[in-house]
Structure formats: structure tokens, C-alpha cells
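In case you want the letters, here they are:
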Amino acid sequence: MCRVATALPHPEKFYQSMRRQAERLELDVLEADPKTRLKRYREYLERGHHLTERYHHQGASGLKVCNCRSIVMDVLLENLLRLALRQWESTSGKPPAAEGALMALGGYGRMELCPHSDIDIMFLYPTKTRKDFGVFQKAVADTVLYLMWDLGLKVGHSTRTPKEAMQEAEADVQSKNSMIEGRYVAGAQELVRKFQREYDRYIRKDDAETYIDARRKDQESRRAKFGDTVFLQEPDLKNGVGGLRDYHNILWMARLKFDSRDLEDLVTKGLLRKNEQEALVKAYDFILRTRNELHYQSKRPTDTLSLERQPKVAWAIGYRQHEIFRRVELFMRDYYRHAKHIHRMAEYLEERLALEARESVSFREVVNSRRQLRKPYADGLILRGRTLEAENSFIFREDPVRLIRIFRHAQQLGADFDFELTRLIEDSVGLIDRKVRESPDAAKSFRTLLQERGNVYPYLYRMHTHGVLQKYMPEWAELYCLVQHEFYHRYTADEHTLNTIKELDDIFALENPGLTAKYREALEATHTPSLLYLVLLLHDIGKSRGISDHAANGAEMAVEILARLQVVPDMREKIRALITQHLEMARFWQRYDVDDPRSIAAFKELVEDSQQLRYLYAMTYCDARGTTPELWNSYKDALHTQLYQASLRAFGHSTGVGSSATMTTKETIIEQLPDLSEEEIEAHYNLLPERYFVSTVAEEIGLHLRMVHKLLHNIAEADSLGSLVPVIEWQDDVNLGMSVVQVVTWDRAGLFYKLAGAFSVAGLSIISSKALTRADHITIDTFYVCEPDGGIVRDPDAKRIFQKNLEEALLSNVDLMPRIEKLAKEHQRNSYLRRNERLRAPLPPRVDVYHELNLRRTIIEVQATDVIGLLYRLSKAIYDHGFDITFARISTERNVAVDTFYIEPASYQRTSNSENLLALRTRLNEIVESISGMEDVL
């Protein structure tokens, strides 16, 4: 849905128009002072840019707008070169006999110059020149380049002879690609013609197979670097999968192999259909137009279509829905559709061109020769090596169910489809009707495909890519290119779902066994391990009705799908329950204290049995990993596994941690700490709940005992004020990727918020925390912290600043808020220039205060943009309203804080608990809203 394009003048007419605009630049260099000259060049450029931008905003195609900007630059360079020659004449006489020329390279050479793209030019000079020719070359280049720089243009430039240019192309493939698109701009036109003829002969003599193989490897590397998928939330328009570079690569390879100048040549040679070529050009133009708008808005050469920019870019290019999410959804669906087409056609043509380069014969000859080597397989198919071909073009019309079975055949054989079979599948998807969808044979083939453990994703992905899955399961079609307005999701709904299945493949194939072995072990203990494939395929199907309640909606939709797939009734109920519950396990360990037996009991009530638990354990891992690769880490894996193991024990299954763990640990501790008295160790066990000794490893218990011993020693040696000084230990956990800070001190009112404030002043981020208080009021607080950009704390100053501020807050009751505010202001100033790159999370700020009856806890949940000092403000407000924090789960990702606090009335509280809770909720909302308002200002 875009604006109707306004007719643009023909390129030649636009060129003549810009020539007239430039007539005022034709000044006598001896009379015009440099200031006046620069001013007039700038006026010309501004006029050219204004016209080009106006065409863009009137709806002109991306390619035509880029053509216009290229023409503006051509005329400027013509004049700059003429000026350079005149200046040489005025000071040094007639220029040397050998003439030079200016050529446009790369995107400028293609006449596809986006609004803020670099201008890549080459000064070309004859190979044979006089000895003093270098002085002339330098003078010309300096005049042209210095004026371009003064005009604020970013220029990539080189000075070469034809021989040097070909040597550079031989040494560097990027230079080779750039010069393939070289175009005459100004100067000695015959020199450029001669160079282009020589360069064409040079690249035509080149080893096409080697070049094409190198291009394919480069493509593979680039795609991997940019996410290896079209369906990223924030795609890179140039280098991302399905971006402009995929399109360019087709042209470069075709130019080398066939001397093709455009896609029309590929149609003529039978490598591309006319409708495919037209769709490819349309897709390329859409992305180019999007990139133009992104440049105009950013006022710089950026290619990342960030979440922030998407609503504005969509509006500017014609998506005029006032509801932002709907506007972005429609715009991004169109983007994904176009990018996917470019990517598919690029891969398809890369393979075909590579094949032709290896065979050194035409594609038709390759096909004919292959037909002589084919062997009948079954079901209308022929197998040649590891490639499946169709016996004839009627196989799917004869039996449309083959469109489902063919993927099962490929899975069994480990085979690929040949070019013609791929096209035949895509051309035949319309044959999948209700009869096929309800066919027992189709259902059996599809279910069987989903039972091939460790090898499902490649074939399910092909079903999706070729359009078969969407037709066979109409509910899946609603997820196609569906933008997810969710905080964590990096991919579209369909791509995310397929990624979760890839993660399950990795579990069964034991990819990264150190991480996945325990999930495979859990699944192997179920009755039907492969059932999880079907669950994952359907787990987000409800998102077609909206993100809210998608688990419940998905479970409802799954009933009909499972019946259509003829899944046995008892399995249907298991699948439906897992879809309903698929968010619950992560919700529990993200929000609640998994060391608390009440949390385990509450979670156990949600889960039917240990079988369901095992599925949920692996499913939650796959769901998180399929959301974005960076979402899962060792810390989350540890919490997740802790909840799983504790729940498994609650169901009566052994996990290697039994009830005797307390006594064993106690005996071990006595042996490990011979310098501590048995009375101290005995007291530690008597003063703490049993769950501490079950969930805490022996080394950590030993550390806590030594810290308690040190605290008590300090109290005996120090004055009354010194007894308040905490004992602090720092440990770096490389596996978790963060530092663990243990604090042992006397428990006192407001301790948590003062600790949080000290970490804030030190510039550290709290990822999570837990606290336990002994019956003698000695508290053991554990904080998991990292540096602002992540990772363990390496800055020794941060540790020193933390300790200093904590002691001042505890001993002298210093208010840390002014220091935090000062640090926040410095951070804002430092990040001012890059603030447009900061992602605003699509999460509304909120505060929930509620009683969790199963846990017998009062819980506060806060969701807000993370800023320096947020945790300090929140925890101080909790203290100020008469409550103590007994547990906190702090989660900070992508500039958003999602924090959970368990609270209970403080001993000093005198007023009504309910009144204080109401007042506290009001205050917390004020804090969150003020931070949201501050972000809007930023």
C-alpha cells in the first residue's frame, strides 16, 4: 500500500535540466573568488537535492530517485573537472597531451546513488604519460576532491591507469565488482571506452567457476553475519539477507558468466521467467525506495531499519494507517515478502550460474544430459544422485497429495529438489484444497515427517519456503511474515516457530552436548519424545488472533488442526495442554524465588505430571532460543534447570539431589573448614532454613561461613560504628558472564535500596539478587552484576566506588540519590549523539501489586525503561512505605527492566498494611511514569 508515483522526467531530460542549473557555475576562474565559487556549487547541490527529494516524496520509484541523484552528481563532477583544467591552464599553461577521465564506480556507477551514499569515483589516466604528468594528475585530483569535501560529500576515490585498475581487480574482488559497474562521467570518453573494452575482455577471460564459487562463499559469510534470515525485526536493507547486495550479486555473476547487463538477459537465456524478473525488479525497487526514505530521515547513510524508524518510514512511503502497530505490520509484511523473493531468486540463480560455470555448457544442455542419467524412484519421482526430479509436469495434477509426500521422500533420502521440480511445486500449490487437507494419506506423511528426530527443520522450512505449508495448514498462513510487537522477539512469528524446531533438532542431534544433553535426556524419558515437534509447530498459532492470550487461543485453534491431522485423542489433549502452558515455566523462574518450596508447590499444581514437566522443560528452552540467540544464557539456564529438578523431585523422581543433601553438606563443611569451630557451623545450620542447604553448593556455604566469621570478628574488634561495616566478596563467573557479589552484614531497614544505590553509583547493572537472613539478624545477600555493556566486572574502580558508597550509606546514612542523578546526566550527555539508535521497547510501563495466595506472598512486579538509579528509586520507595524486600528478581535486557519483589511489612510499620500498599503502588507508578516521560524528552 504505497502512494501513486508521480511521473518523473526522462533521465536525459533531467540531465539537461541539471546542466541548465549548472550554467551559473561556468565562471571565469580568474575572476571568481573561492568563496563565491563554493557558494554557487553549494546552491546547485541544494537545488539538485531538493528536486530529487521532492520526486521521492511525490512517490517516485526508488530506482528513479537514485538515478536523479546520480545525474546531479554527474553534472557537478563535469563542472569540477572543467574547473580543474581551467585552473591548470591559468597557472601552468596547456595541460599535458594525455587526457584523463572521471569514472563512477559501485552504486554510483549503476546510477543507484541513495541520498547519503558515498560517491565512489576513479581518476583514469593513460598508461603511457610524460614524466611530469604526475604533477598534473595531483593538481586535478586535489581541485576536484577538496571542493567535494568542502561541499560535505563523502567520497571514495582512486587514481589508476587501465593496467593498474586490472591489477587491483585481480587482487581484490570488491574492486573487481565495483569496476564491473564503472561508468563514464567526464573527461576523455574514448579513454573510458577503451578501458571498458579491455576490462570486459579481462573479466570474460577470468575463471568464471572460481569467481562464482568465491561470490557464493562471500554471500554465505555475509548472510551469516546478518542473521542468516530475511525475517529480522530490524533488517539491514543493504547487506541483510534479501537485501540490495543479494540482488547485486546476481548481476555480478551473470556479467562475468554471460556478459549480461541486466535481468532481461537472464530471461532471454532461460535462467529466469519474465514474471520472476518483474517481481525481482519490483522487490528491488521497494527496498531501494525504503532505503532512500531511511537516508532522508536519518540524514546519514544508514541501512538498519530500526524499530524506531519503521513507523515513520512506513508513513512516509504511503502506509497511512493511524494505528502504529497495524501500519508497521503491513509495511514490514511487504518488506519481508519482497526481501524473501530477492533472497530465494538470488540463491536459485547463484546455484544455476555456478552449475553452468562448472559445466561450461548451457543450462538446457545440462538438463538434457541429466535426463540420460536419471533413475526411477517412486511416486512420480526420479532420483539422480541426491537430487529428486519429476517424471513429468503432471505429477501433482495426477495426485495433489504428492505435494505433501514429496517432502517426506526428500527427508528419507536426504535429497534436494532440482530446479524444475522446485518450480513445479511452487506452481502447483493451488492444488492443495480442502480434500488434500483432510486426506488421511497427507496427514500420515506430514505426521511422519515430524517424527524424524534431529532432521525435521530442513524439510519443514522447505515446505514453508515453497508455499506448501501455508496451503496445507491455513492457520499457519496467518503467521506468514507476521511482525511480533513483543519485547524479546527478533523474528517474525513464522520464522520464530521454525527456529524453535531447529533448536529441537539440535537437541536430538546433540549439537552442543554440554548444553543440550540434559534436554534430550528429559525428552527421552517421555513416552513420545518427537511429540514436541508438533507442539512447537502449533505453540504460537494463536498469534494470528493477536499477541494477547495467544496461548489460550492457540490451544483452541489446535483442536481443529489436530483433528484434521488425525492425531489420536489422548495425544491431542497433551498437545493442547502444553500449548496452553508454554509460557508458564519461564514465567515462574523469571519472577519467583525458585529456592522457595512454596514456588515449587505452586508450579507443580499447574503441571499435570512429570511427563508434561519434561516436555515443558525442553519446550521452554527451544522457545527462548528460537526467539533470539542472545536471549538464553547460563544464568537463565541454571534457574530453568533448578525449577525443573525441584519440580521433578516434587513429583517423586530422583534428580541426584536427595533429602540427605543437608547432612552430607554439613559434614563436608566441617571437614573443609578446620579453622572454624563446629559450634559456628552448627549455628549456621540452625539459624537458616533447610532449603538454603539444599539449593546452595558446599563451596558457597563455606564462603558464607567465613564471611560471617569475619563479620563477627570485626564486631568484636571494632567500635560500635565499625560493627556496621559489611563484609564483601567479589567472584567472577565466566560461565554466567557476570560477577557475583556476596554481602554479609547486620540486617537493617533499607539495606536493599542502599545496596542498589551503591551499585548504581559504581555504574554497574544488577541482573538478579537473592537474600537470606539468619535468625540472629545476620543477612547474606547475593547480587549478580555486570558492567553496563555486559560481562564480568573488570574495572577495579567500580568495586572501590561500590564499597565506599555502601559504607557511607550504611554508616553515615548518606543519601546516594544526588550522586546517581549526576551519573545519569553524564550518561545522557555521552549518549546524546547516538540516542536515535537506542531502541524503545514496545512494552508499556506498568506496576502490579498483588497477593499470590499459593505462595502466601505479597508481590510487586515492575516493567519500565531501564535508567540509572531505577532500582534504587523503586526499592527506596518500598522502604519508605513501610515494607522490607525479602526477595528480588532483577531482569534487565535491551534497556528494559522487568523486576519482581517479594515484600512484607517492616517491623517498624505502624499504619494499615492495605493503606500502605495503595500508597506504595501510587508512588511506584509515579516513578515509572516519570522515567517514561524522561525517555520521551530524550
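An account of the accompanying structure is given in this report.

Looking only at helices and strands, the chain features 41 helices and 16 strands. By the burial criterion, 54% of the 938 residues in the chain qualify as buried. For the chain, restricting intrachain contacts to residue pairs at least 6 apart in sequence, the fraction spanning at least 24 positions comes to 72%. By element, 49% of the accessible surface of the chain is carried by carbon and sulfur atoms, the whole surface being about 41,500 Å².

The subject of this paragraph is a negative patch on the surface. A cluster of acidic residues, E220, D228, E347 and E351, forms a negative patch at the surface. On the secondary structure map, E351 appears in helix α14 (residues 324-359). By relative accessible area, E351 is classed as partly exposed at 40%.

So, about the nonpolar core. Counting residues in each nonpolar core, the largest one holds 104 residues, and the members touching the most others are L421, F446, L460 and L537. Per element, the largest residue contribution to this core is 9 residues, and it comes from helix α31 (residues 610-625). I203, V241, F286 and L288 belong to the second largest nonpolar core, which has 67 residues in total.

Quick look at the side chain of D595 now. Looking at the element boundaries, D595 is found in the loop between α29 (584-591) and α30 (597-606). Relative accessible area serves as the criterion here: at 17%, D595 is assigned to the buried category. Polar contacts involving the side chain of D595 include one to the side chain of Q642, which spans 2.3 Å.

The next subject is the pattern of salt bridges. Per the stated rule, a full pass over the model turns up 45 salt bridges. For R222, the salt bridge goes to D246, with nearest N and O atoms at 2.4 Å. One end of the pair, R222, is in helix α9 (residues 208-225); the other, D246, is in helix α10 (residues 244-258), and 24 residues separate them in sequence. In this pair, the class of R222 matches that of D246, namely buried. Measuring nitrogen to oxygen at the nearest pair gives 2.7 Å for the salt bridge that ties R423 to E276. Remark: E276 occurs in helix α12 (residues 274-298) and R423 occurs in helix α18 (residues 419-428); sequence separation between them is 147 residues. A cluster of three or more residues bridged by salt bridges with shared partners is formed by D379, E398, D399, R402 and R405.

Now for the packing of aromatic side chains. Taken as a whole and assessed by the stated rule, the structure comprises 28 aromatic pairs. Judged by centre distance (5.4 Å) and plane angle (80 degrees), the ring pair of Y146 and W149 falls under edge-to-face. One end of the pair, Y146, and the other, W149, are both in helix α5 (residues 133-150), 3 residues apart, so they sit about a helical turn from each other. By relative accessible area, which is 48% here, Y146 ends up partly exposed. Classification of W149 by relative accessible area gives partly exposed; the value is 39%. Aromatic pair F887 and Y902: ring centres 4.8 Å apart, planes at 50 degrees, arrangement tilted. Residue F887 is found in strand β15 (residues 883-893), and its partner Y902 is found in strand β16 (residues 896-905); the two are separated by 15 residues along the sequence. A relative accessible area of 1% means that Y902 is categorised as buried.

Where burial is concerned, the two faces of strand β6 (residues 381-384) agree: the one with L381 and L383 and the one with I382 and R384 are both buried. Pairing of β6 with strand β7 (residues 387-390), which is carried by 4 bridges, proceeds in the antiparallel orientation. The residue of β7 that forms the bridge with R384 is T387. Following β6, the chain reverses through 2 residues before pairing antiparallel with β7; G385 in that reversal takes a positive phi of roughly 65 degrees.

What counts, and at which threshold
Residues numbered from 1 in each chain as written. Predicted model: local features only at pLDDT ≥ 70, side-chain atom pairs only at ≥ 80, totals over all residues. Heavy atoms only, no water. Helix = DSSP H or I, 4+ residues; strand = E, 2+ residues; numbered from the N terminus. Buried < 20%, exposed > 50% of the residue type's maximum accessible area, 1.4 Å probe, protein only. Contact = heavy atoms within 4.5 Å. Areas by Shrake-Rupley, 256 points an atom, 1.4 Å probe, with all protein chains shown as cover. Patch = residues over 30% accessible without salt bridge, like charges linked within 9 Å, V, L, I, M, F, W, Y side chains within 5 Å. Salt bridge = Lys/Arg side-chain N within 4 Å of Asp/Glu carboxyl O. Lys, Arg positive; Asp, Glu negative; His and termini not counted. Charge placed at Lys NZ, Arg CZ, Asp CG, Glu CD. Core = buried A, V, L, I, M, F, W, Y, C linked by side-chain atoms within 4.5 Å. Polar contact = N/O pair within 3.5 Å; in protein donor to acceptor, adjacent residues only side chain to side chain. Phe/Tyr/Trp six-rings, centres within 6.5 Å; stacked < 30°, edge-to-face > 60°. Pairing = 2+ DSSP bridges.

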